[in-house]
Amino acid sequence: MPLPPVKPLLAAALMLAAGIAPALPGDRDQPVQIAANAVRYNEKTGIATYTGDVVIRQGSMEMRAAEIVITTDATGALRSTVARGSPAHYQQQTDAKKGPVVAEAARIDFDARNEVITLTGKARLRQDGASFTGSTITYNSLRQQVDAKGSGTERVLLVLPPQPREIPGKDK
């Protein structure tokens, strides 16, 4: 089975990296590694389906899922990425002074045209002790807006750790 062209996959990984949060400056210069038990690519539709313990890595970005489907247009530009798992997992270091941003959900969708990422099914975002959970979490990077929804018995929950207090007279 022929492998998908490298250029669309590189674009997909770069867009994944940019989807949730800005990457560390050197991340985009790192090679993209995609490992899976199987891959199927349809040149006519531009759809690449990776199955079986799929892992995509580039720099500090890592995405893990049971299945990742990447769709490109006729020019090879990324249209969408869908990751499914129990849960699908995404993490990336966005700031050298902070811990990684970690996202988990049953499904992670990235709409490249609108720069929107949606976490669906026991969605959770966390970084440095702060966390955001809900049934669905959507982040629009163009508007820099987060929307979260609960379902039936599950409410949206935001947890913020206490900020360190400065002690007067203590040297920094």
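Quick note: structure is the one above.
Attention here is on the structure that accompanies the text. (Residues numbered from 1 in each chain as written. Predicted model: local features only at pLDDT ≥ 70, side-chain atom pairs only at ≥ 80, totals over all residues. Heavy atoms only, no water.)

## Some remarks on the side chain of Glu62
Point 1. Mapping Glu62 onto the fold places it in strand S4 (residues 61-72).
Point 2. Accessibility expressed as a relative area gives 16% for Glu62, which makes it buried.
Point 3. At 2.8 Å, the side chain of Glu62 and the side chain of Arg57 are in polar contact.
Point 4. Of the polar contacts made by the side chain of Glu62, one reaches the side chain of Arg64; its length is 2.8 Å.
Point 5. Sequence-distant contacts of Glu62, that is, excluding residues within four places in its chain, are made with Val55, Ile56, Arg57, His89, Tyr90 and Gln91. (Helix = DSSP H or I, 4+ residues; strand = E, 2+ residues; numbered from the N terminus. Buried < 20%, exposed > 50% of the residue type's maximum accessible area, 1.4 Å probe, protein only. Polar contact = N/O pair within 3.5 Å; in protein donor to acceptor, adjacent residues only side chain to side chain. Contact = heavy atoms within 4.5 Å.)

## Structural notes on the nonpolar core
Point 1. Met63, Ile68, Ala83, Ile108, Leu119 and Leu125 are the most contacted members of the largest nonpolar core, which has 27 residues in total.
Point 2. Those elements that place two or more of their residues in this core are strand S2 (38-42), strand S3 (47-58), S4, strand S5 (78-92), strand S6 (101-111), strand S7 (116-127) and strand S8 (130-140). (Core = buried A, V, L, I, M, F, W, Y, C linked by side-chain atoms within 4.5 Å.)

## Details of the pairing of strand S9 (residues 145-149)
Each regular strand carries side chains that alternate between the two faces of the sheet.
Point 1. Relative to S9, S8 is paired through five bridges, and the arrangement is antiparallel. Following the sheet pairing, Tyr139 is matched in S9 by Val146. (Pairing = 2+ DSSP bridges.)

## Here we look at the environment of Gly76
Point 1. Take Gly76: it is sitting in the loop between S4 and S5.
Point 2. Among the residues examined, Gly76 registers a relative accessible area of 17% and is labelled buried.
Point 3. Along the backbone, Gly76 and Gly46 are 30 residues apart, and their C-alpha atoms lie at a distance of 7.6 Å.

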